[in-house]
Every structure is written in structure tokens, then in C-alpha cells.
Amino acid sequence: MTQREGRGGTGRRTLFERESELAAVDGALGELTGMRHGIDPPDRPHGALLAVAAPAGLGKTTLLAEVRRRAAARGCTVLYARGGDQEQGVAFHVARQLIQPQLAAMPEPELRARLGSWYAIVGPALGLCAATGGAPPDPQGLRDGLDWVLTHLALQRAPMVLVLDDAHWADPESLSWLAAFAPRAEELPLLLVVAYRPEELPEYGEALRGLPGRCGQRPLGLEPLSPPAVARLVRESLGPHADDAFCRECWVVTAGNPFETVELTAKVHDRGLVPTENDAHLLRDLAAAVKGSGLIARLERLSASTVRFAWACAVLGTEISPELASGVAGLGAEEAADAADRLRAARILTGGDTLEFVHPLIATAVYRAIPGPVRVALHGQAAWTVVNAGLGSSAAARHLLETHPDGDPWVVRELRAAARETVRAGAPDAARRYLARALREPPRDGDRAAVLYELGSASLLTEPATTVNHLRAALAEPVTDPALRHGIVYRLSQVLAHSDRLAEASETLAREIRTTGDARVRLRMQAEQFMWDAFRADEPESPARSRRLAKLADRLTGRDLTERYIIGLRTWDATLRGEPTDVVLRHAERALAGGLCWAADEDRGFEVPVLVAMAFMYADRPGRTEELFIEGIADFERAGWRGAHLSFAYTLLAYVRYRRGRLAEAEDFVRAGLRLAQRVGPGTPAHWYAVGVLVEVLLARGRVTEAQQAAQAHGFGPPFPAAVVFPDAQTVYGELLLALGRTEEAAAELASAGRRLDPRGMRNPAWCPWQLHLARAEAHDAPDRAVALAHDAVERARHFGAPSAIGQALRAAAEVSYGAVRGKLLEESVAHLERSPAGYELACSLVALGAESRRTGRAKEAADHLYRGLEAAAGCGADGLVERAGDELAAAGLRPRPLHEAATDALTTRERAAAACAARGLCPAEIGTELHLEETAVVRLLSAVYRKVGTDRAGLAAALGGPER
């Protein structure tokens, strides 16, 4: 290994003692291009990962330059980027280096067509377009978009090699994205090569250490050169007459470091030394001038203007514009050009139109040698220079972070502008750093509240507790702009609610409502307060709030979004209270008449659209619910919201499928939702929803042990969240205990749920069937109370009027009743459920009615009901119910009919491809990436597949002839 090459360097020198590393490179390139030795015709292209970890100066960059050369020689598309010590705080700096050159030359219409719905999400992050208005993408949504772009580039321009040098200096946004993406490289025609210094790898890059690659879980390590290798290098540089003693001394003073050895031989050549033993004693002093204090002493022997130009370059970092450097240094064009020539001659800088330091070690040494006050001043000058050059506030922000606070309004203005740009680009952490620095400047008194508000908004997704502090501090300021004050209140109540502090959210709004004079603003705040109160499990005056809400909603016309939100909340309140379904549906349609936004307004949550959609499901209109959810998912995708928002959408869509009796689909969707929820974090509302639905689905499928394991793995149990979730977490937990045979514990939890919900007027068994499960739990020890509970639930269900709720309650009543009434209740249950979309509940009632008919000696009726129940259960994917129906048939002396096999021949080509992906366990997002489809299209495809095939993932694999088909 011999020299550090510039970014565009083409020069080559011999690589010493890197045979094993180059063999690994050749092997990976061979697999990538499908041209492994001895294989004809070429093998299928196969991606790989190569990580190179070594201290500074051991030749990582030279090795990567050879990787790039060999990849290009094999016809590969090469993407290259390098981290920079001074650019670590610039969001997506590395991602832009990698991807921007591949797309920037496209005309805008072509680029829009190529990126599709991802254009507005990834375009600002990659510097391909300006950020538009509306809510910014969440970080996970942006990472998914970058995954999509890189995957498509890898497929369209295959084979591809992505090379990242100095990854330890990559910005957090780019490095965390690439570290998460890296394992996918092996599934693509993509070789990903990363080099870093292991002792300097930041915490957000720790995943690189464990990347799977050609060396298992270990990166390639580079060792210092041996004495013979140093001798060969010296003789290649200085001539064959360099004697052994001289070469040996070169090895001693450089410790075999390739960079230092190359620089040392250059110094020997420049000084005109004879490479023999007589001059070997001079090598130690020459080696000291290569780095550290010796390098700085050598620099300071140059002119003052040259030193200042070097300092300016060190402040600017990598890819240095000579014009910018001259502006920062305060030099004229000719003086700057002379300084650059002197620094090139001294082997400190390299390049022409774009300058770089010969090696990062040199750049670091020069930067650290700048006196502190001068360094601060140079960063301030750099900020002014890049803004004046039209490079924008974001380019200046990293320099302003290094300056001292001075109460300068220009600094505050530029940092706020940079924060807005980075938030819109999907990098809230970078925006938070800029705004925190703006706050220290400090801003003028009239601007302080706005800066605190922007800082709180930037911390919303990552640090909710900090967000609350910033927003409360903003409210304490003398805010003269009413719109700003209202925005602070809305955002504060939102983050409090999402932090499971619903009472504080409601109180914050209540205080502001009392002081607000604008009637429309007061109405908007009332809407927000009604919403958070609706989610409070500890609301003290729920019935009174329901009455106020009903009175208000009934007189509103729905003329604007605020009024429609209030009507939507009235819809949900009517659902919880079990008011007749015609009332629920009338309000739901009123709320939708002018439209409800899922993702268009970052100041309004998506909760109300979700509640209105769910109201249709409980009222036995699940098709309408699914339509609304598909629209909502599309809105989330367009906005780049792929964290908690998309998790909720998948989870609740799974719950709809569960309620419709499509359990295999429900399980796939809820597992996709759970994966997204785990990215958001345990204990969040998204996580509670996902785990609750998963447990419910697994219980319905008869997989009780697996449901218990899921609950334990995700901490699903007491204490339960302060927010109302659906299905109700405590009730689902009681149902799990009941299925496990822990009847007394189940009864205690279910009775506790009833005591919590009933006083609040939440009496709808369609929403929370705690009475049904409690009746089953008490049937043995308190049969009369069990019957009373079940019949009360039946009356509540009849008042609500949804056939699915009535049928489910009637079956529970039958299970705790005796004698002839049992059969009559089950017959009525089946009759109601046959008029409902609840396929699983119908299957349960049919099997129960068949079993009851068998016990009462009605063999023909028993057979009919059991066969129907068996087929319905199989169609639902309810494996446990299928087994129970089979047992009942066997007890009746009957054999199950052969079930209808999955009609895979009816699938279209695209449906078959989606089915094959689902059989391999891919979630909708991953299927979309593989098939080049948006997730909404994948959801529709999978719905069609399950509707036609009627089986689960394992059944799909079998029906398709295995996942490879």
C-alpha cells in the first residue's frame, strides 16, 4: 500500500502485502458480475459486503481506489463517497455524494417520473429539488425512500459497486441509513465496500462493526508493512540503489505505516539525499515533518498568506473551492493561487479546480494547529462567504455552530433558515442542533418564542420530554403573534398526548380556551380537547363531556375542517356509547362530506380520520373502513410518514381484517405494523395497538402459546397505558388469561376493565366485549352472574344494532346458559352473523350450534352446521377452530370433507409475485421494493390474493410450489 489518492486521482502505485484483501475484492467482484473462475456461462450476479477497518495511514483509501478501478474495468457502475471531519454535521452529505451524480443530470420531468411518489420525499435530502410545503417526512419514511432509490439504481445499473471511505466521519443521517441498508446488498447486484477507523467510529455507526461479509462478522483488517515490503516501496520510489540499512531505517521510523513511508520517500527525493546508510541518520527528522508538530513547523516556514490559506482550507473541509478558500482567508485571487501552488509543492494540498488535503491526517493536524480565536473567526468568515456565494443557509450552518454567541440577528436568521431546510429534508436532529445554537446566540426578545417553538417541533419525534420543556418555555415568553401562540398550544398538547400525558394535554387546551377571544380558534381548541379527552382512560367527567360534544356537533354544519373534526369525534363517541348504528353512520358521513386530512396538516393529527374509519367497521361497514384506510396509507406514503403513522394504519387494517374473519391477512398486516412500531419504540401507543391486535389474532387462530409468547416478549400486560386503545388492552389481556386457563386472574382483569369503562359510558360490546369474556370466566363459579352479564351485553348489542355485535353476544349468552335456551340463542346468533361481515364469529357460532345439535340428538342438523363451520373456519385461517370442528364431526361419526384447495391458477402474474413474496415472509413495504410498487398497490394485491386463495403464508408457499416459484 503506497499512497493516498485524491478523490479524482487516477495515479496507481504498487500495492504491497495486500494480496489477501485483493483476493477478497476479486472474489466479491466475481460473484457480483457472475464471472467466478471456472464457471461458464456466467453465474447469477450476487451482492456482498466488504468492510475495511484500520487505523489512519495504513492504506484504506488506496485499497478502495483499487476496488473502484477493478470494478470499473469489469463494467460495474461505481458510486463513491467519502466522509469528512468537518462535514459530519451536514445532514445527508454522504448520501448526496453517492446518489446525486447518478440523477442530477436528468431533466425534472424525467426525474419525477423516475422517482414517482418518492420525489418530494427524497429529493430535498439528496439536493435534487427544493422542499415543498406540508408536513415533513419522518426519518424512517426518508430512510425507506433512500432504500427504494438505491435499490432501483442497483437493479437498473447493475452490477453496481458502492464505495464509502472514511465512514467514521460520515454524517449520522447517511451512516445510520447505510448501516441499516447494508445487509440487503447480498440480495441485490450490489457490492458495498466501507472503510473506517475502528477507534473513531461513532455510536451511530456501531452497526458497521457487525456487518455480515466475506469474513463472517469480522471486517478486513490492514496491518503495517513488513521491512521487506517497505524496502520494495522505497526502491520503487528512489531507485534500486537504496541499500538495506537505509530501507531498514525507513521501516523503523515509520513503523511500517504506508502513508508515512510514501511521504518520507518524497521528502528524501526533495532533499536530494542519497538512499544509503550514510544518510540514514537524517530520516528520523524527515519523518517527524510528515505529521503532527513536524508538519506544522514545515507549514509555518511558508509565507503567512500560505499558512492562512491552508487554515481556510482546513476549515472548509473536503472538496474545497479555491475561490471560497481565498474568500475565507481574505486573499486576492493571485495571492491565493500562489499559496495553493506552494501547498501542493509541500505535499499538503492536491488538486486543481477542487482542492483537497493529501491525507486526512494532514487536514486534521492543520485544523488543530489553528489558534482557537482565529479558528472561530475563520468559521464565521466561512459562513458569510458561503452564503454570499449563494450556497444557502444549510452550507453556512455547520460553520455557525463553531462560532461564539454574540447576539447577532443574522446568525439567528441563517440558523433558523437552515433548520427549516433540514427539517423539510427529513433531518430533524440536525435542525435541533442549529436551533439550539440559535437560542444561545441569543435571539432578540421578540423572536425567542418562535425559536423555542421551532426547536420543540424539531425534537418532537426524538425527544418528547425536551419538546415539552421548549414549548412550555415558549408559552412563558411574551408572544405577540396570536397565530404563533396558538401553534405552540396545539403542538404542546399534541406531544403531551403522544407521551401518554393526556390529562396535561387537555388542561393545556382548557387554559388557553378560557383566554382566547377568537371564536374559530376557540372551536379548534375545543376540538383538540374533545379528542384527547376521548382517549383518556381516567377522564373524570366522560358522560358530561359526551353531552357537551353532542350538543355542539349537532348544531355544526361541517363547513370547515375544525367542524368536521368535531363531528368526527361525535361519531366516535356515539360508537363507544353504543348509540344506534344509524346515528353513528349519519355522523360519520357528515364528517366525511367535506373531507378529512390524514397527513396534509402537521398541526392536526390523524386520530380523527382513523376514529371515523373505525366507526364504520364497528357498524358492520368494514369495506368503507378499508377504503378510508387505503386512502390514509396513500396519504402517509406521499408525506413520507412511515413510522408510527404507517404502523397504526397497518395495525388497524389488520384489525379490520380480523373483524371480517380474514385472519391470515390480519396476521401479516399486524406483524408489518409491529415491525414499524418497534422502530418507533416499546411502550408507545403504536406498540400497544400492534401487540394487542397480534394477541387477538393469534388467539382467534388457536395459537394460544404463541399469543402468550408474543405478550411476554413485548411486555403486554399490567400496568396498562393511560390512553384508550383498541382493542382495549386490559380486555385482550383478560381474554389471553382465559385462554390459558387462568380463570380467576382473567375474571379480575375483565371486571377491572368493566369498572373502568362503564362509568365513562363506554357500553358498546362491539367495541369492547369485556362482558362476554367475563361471563365465560365466571360461568363455573358464579353462573347466575355470568348469565346476567351476558344478557346485559346482548341488550347493549341490540341497542347498537350491528348484527355482528348481536350475534357475538348471543353466542356468549348461549355458552353460559343451559337447556333448550342454549340452542335457540345459538340459532339466533347464526342468523344475525349471516347478515354480518364477521366471518370468524359466524364460523364460531356454526361450530357451537353444530356441537349443541349433536349433544341434543339432532344428527342431520349437527352435520350441516359442523360442515359449514369447518369450511368457514378454514377459509378464515382459524386453525384451532378447524381442529375443534373436526373433533365434533369425529364424535358424531362423520369425516371432514376435503377442503377446497387454494385457487392459485386464478391469480394474475402480479398477484402471484406478491403471493410468493408474502410466502417468504416479506412485509408490504419490502414487497413494494422488490416489485417496484407503492405500498397501497401491494395492500390491494395481497387482499386479492387472500380473497382468491383463502389460506395463510404457509399455505401460500405450498400452493405456489414453495417460495422460489
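Residues numbered from 1 in each chain as written. Predicted model: local features only at pLDDT ≥ 70, side-chain atom pairs only at ≥ 80, totals over all residues. Heavy atoms only, no water.

*Asks:* Where do I start with the overall build of the protein in this structure?
*Replies:* Secondary structure summary: the protein contains 47 helices and 7 strands in total. In terms of principal-axis extent, the alpha carbons of the protein reach across some 115 × 75 × 50 Å. The proportion of buried residues among the 965 residues of the protein is 59%. Counting only carbon and sulfur atoms, one obtains 51% of the accessible surface of the protein, whose full area is about 37600 Å². Between the mean site of the 113 positive side-chain charges and the mean site of the 124 negative ones, the protein shows a separation of 3 Å. (Helix = DSSP H or I, 4+ residues; strand = E, 2+ residues; numbered from the N terminus. Buried < 20%, exposed > 50% of the residue type's maximum accessible area, 1.4 Å probe, protein only. Areas by Shrake-Rupley, 256 points an atom, 1.4 Å probe, with all protein chains shown as cover. Lys, Arg positive; Asp, Glu negative; His and termini not counted. Charge placed at Lys NZ, Arg CZ, Asp CG, Glu CD.)

*Asks:* Where do I start with the packing of helix α20 (residues 428-440) against helix α21 (residues 445-458) in this structure?
*Replies:* Angle between the axes and distance between the axes: these two values describe a pair of packed helices. Between α20 and α21, whose axes approach to 9 Å, the crossing angle comes to 155°. Taken together, the axes of α20 and α21 are roughly antiparallel relative to one another. Once α20 is placed against α21, the crossing between them reads as left-handed. In contact with P428, A431, R432, L435, A436, A438 and L439 of α20, α21 contributes R448, V451, L452, E454, L455 and A458. Per-class residue counts for the contact of α20 with α21 are 10 nonpolar, no polar and 3 charged. (Axes fitted to C-alpha atoms, helices over the stretch in contact; angles between N-to-C directions. Parallel < 35°, antiparallel > 145°, perpendicular 65-115°, else oblique. Left-handed = near helix turned anticlockwise from the far one by under 90°. Contact = heavy atoms within 4.5 Å. Nonpolar A, V, L, I, M, F, W, Y, C, P; charged D, E, K, R; others polar.)

*Asks:* Can you walk me through helix α35 (residues 729-739) in this structure?
*Replies:* Every α-helix winds through 3.6 residues per turn, so residues three or four apart in the chain are directed the same way. When you tally the buried positions in α35, you get 9 out of 11 residues, the bulk of the element. Regarding α35, the residues found buried are A729, Q730, T731, V732, Y733, G734, E735, L736 and L737. In this fold, the buried residues of α35 make contact with α33 (685-700), α34 (704-713), α36 (743-757) and α37 (770-778). Positive backbone phi, approximately 85°, marks G741, located one or two places after α35.

*Asks:* Would you take a moment to explain unusual backbone geometry for this structure?
*Replies:* Residues other than glycine predominantly adopt negative phi, and peptide bonds predominantly adopt the trans conformation. The amide bond that connects E441 to the next residue, P442, takes the cis arrangement and shows omega of -5°. For P442, the location among the structural elements is in the loop between α20 and α21. Residues P718 and P719 are joined by a peptide bond in cis, for which omega reads -5°. As for its placement among the helices and strands, P719 is situated in the loop between α34 and α35. A positive phi angle, close to 65°, is found at F92, a residue other than glycine. Looking at the secondary structure, you find F92 in the loop between β2 (77-82) and α3 (93-103). Judged by its relative accessible area of 4%, F92 is buried.

*Asks:* Would you explain the side chain of H470 in this entry?
*Replies:* Mapped onto the elements of the fold, H470 is located in helix α22 (residues 464-476). Each residue touching H470, except ones within four places of it in the same chain, is listed here: L452, L455, G456 and S459.

*Asks:* What is the right way to look at empty space enclosed by the protein in this model?
*Replies:* In this approach a probe as big as a water molecule rolls over the atoms, and the regions it shows empty are the leftover space. In the structure shown here, the tally under the stated rule is 9 cavities of 30 Å³ or more. Looking at the largest cavity, its volume works out to about 200 Å³. Of all the secondary-structure elements, those providing two or more residues to the lining of the largest cavity are α13 (304-316), β7 (355-357) and α16 (360-369). Tallying contributions element by element places α16 first for the lining of the largest cavity, with 4 residues. Per-class residue counts for the lining of the largest cavity are 7 nonpolar, 7 polar and 6 charged. (1 Å grid on protein atoms, 1.4 Å probe; cavity = no way out; pocket = protein on both sides within 12 Å on 5 of 7 lines; lining within 4 Å. Points joined across faces, edges and corners; volume = space filled by probe spheres on them.)

*Asks:* Sorry if this is basic, but what is going on with the pattern of salt bridges here?
*Replies:* Pairing is possible between side chains that carry opposite charge, provided their charged atoms lie close to one another. This structure, assessed with the given rule, holds 58 salt bridges. D429 is paired through a salt bridge with R432; the nearest N and O atoms lie 3.2 Å apart. Remark: R432 and D429 occur in helix α20; sequence separation between them is 3 residues, near one turn of the helix. When its relative accessible area of 30% is taken as the criterion, D429 is described as partly exposed. The closest approach of N and O atoms between E852 and R855, which form a salt bridge, is 3.4 Å. In this pair, E852 and R855 both sit in helix α41 (residues 839-855), 3 residues apart, roughly one turn of the helix. For R855, a relative accessible area of 48% gives the class partly exposed. Overlapping salt bridges bring together E667, R671, R701, R703, E706 and D879 as one network. (Salt bridge = Lys/Arg side-chain N within 4 Å of Asp/Glu carboxyl O.)

*Asks:* What's the story with the packing of α13 against α16 in this structure? I'm lost.
*Replies:* Where α13 contacts α16, the two axes come as close as 9 Å, and the packing angle between them is 110°. One finds that α13 runs roughly perpendicular with respect to α16. As for how α13 packs across α16, the hand of that crossing is left-handed. Here A310, W311, A314 and V315 of α13 come into contact with α16, specifically with A363, V366 and Y367. Of the residues contributing to the contact of α13 with α16, the split by class is 7 nonpolar, no polar and no charged.

*Asks:* Would you take a moment to explain the pairing of strand β3 (residues 160-165) for this structure?
*Replies:* On a regular strand, each side chain points to the face opposite its neighbour's, so the side chains alternate between the two faces of the sheet. Counted residue by residue, β3 has 6 buried out of 6 residues, so it is predominantly covered. Where β2 lies against β3, 6 bridges are found, and the strand directions are parallel. For Y80, the partnering residue across the bridge sits in β3 and is V163. Relative to strand β4 (residues 190-196), β3 runs parallel, the two sharing 5 bridges. From the neighbouring strand, V161 faces β4, where its bridge partner is L191. In terms of handedness, the path from β3 via helix α7 (residues 172-181) over to β4 forms a crossover that is right-handed. (Pairing = 2+ DSSP bridges. Right-handed = clockwise from strand over helix to strand, strands pointing away.)

*Asks:* Please clarify how the confidence of the model for the protein should be interpreted in this entry.
*Replies:* Predicted coordinates in regions of low pLDDT should not be interpreted in detail. Per-residue pLDDT for the protein has a mean of 88; in total, 92% of the residues score no lower than 70. Predicted confidence for residues 36-42 stays below pLDDT 50, and this span has 5 contacts to residues more than four positions away or in other chains. In the predicted structure, residues 899-904 sits below a pLDDT of 50 and forms 12 contacts with residues beyond four places in sequence or in another chain. (pLDDT = per-residue confidence, 0-100.)

*Asks:* Would you mind going over the sheet that holds β4 with me for this structure?
*Replies:* Note on sheets: strands pair through backbone hydrogen bonds, and any given pair is parallel or antiparallel. Ordered by their spatial adjacency, 5 strands build an open sheet running β2-β3-β4-β1-β5, and the pairing between neighbours is parallel. Two strands in the sheet have a free side with no partner beyond their single neighbour: β2 and β5 (220-221). The pairing of strand β1 (residues 48-53) with β5 spans 2 bridges and is parallel. The residue bridging V52 from the neighbouring strand is L220, located in β5. Its contacts with the sheet place α3 against β2 and β3, and it is angled at close to 150° to β2.

*Asks:* Explain the environment of A287 here, please?
*Replies:* Mapped onto the elements of the fold, A287 is located in helix α11 (residues 283-288). Here the alpha-carbon distance between A287 and C250, two residues 37 residues apart in the chain, equals 8.6 Å. If near-sequence neighbours (up to four positions away) are discounted, A287 is found in contact with V253 and L264.

*Asks:* Explain helix α43 (residues 879-891) here, please?
*Replies:* Between its first and last C-alpha, α43 extends 19 Å over 13 residues, near the 18 Å set by a 1.5 Å rise per residue. Against the buried residues of α43 lie α41 and α42 (859-876). Remark: G893 follows α43 within two positions and exhibits a positive phi of approximately 80°. (Expected span 1.5 Å × (residues − 1).)

*Asks:* Can you help me understand the nonpolar core in this one?
*Replies:* The tendency in soluble globular proteins is for nonpolar side chains to be buried side by side. Judged by nonpolar contacts, the single largest core of 225 residues is most densely connected at F309, F357, M614, Y618, F726 and W767. Setting aside its immediate chain neighbours within four residues, W767 contacts W572, L576, Y618, V724, V725, F726, L757 and M762. Core analysis: the second largest hydrophobic core is formed by 52 residues, V94, L98, L164 and A185 among them. (Core = buried A, V, L, I, M, F, W, Y, C linked by side-chain atoms within 4.5 Å.)

*Asks:* Even after reading the chapter, I still don't get the packing of aromatic side chains, so can you show me in this structure?
*Replies:* What describes a pair of aromatic rings is the distance from one ring centre to the other and the angle between the planes of the rings. Counting across every chain of the model gives 13 aromatic pairs. On the numbers, 5.7 Å between centres and 10° between planes, the contact of Y655 with Y658 is stacked. Placement of the pair is Y655 and Y658 together in helix α31 (residues 644-659), with a separation of 3 residues, close to one helical turn. Looking at Y655, the relative accessible area reads 2%, which means it is buried. With a relative accessible area of 10%, Y658 lands in the buried category. On the basis of an interplanar angle of 55° and a centroid distance of 6.1 Å, the ring pair of W688 and F720 is categorised as tilted. With a gap of 32 residues between them, W688 in helix α33 and F720 in the loop between α34 and α35 connect regions that are remote in the sequence. (Phe/Tyr/Trp six-rings, centres within 6.5 Å; stacked < 30°, edge-to-face > 60°.)

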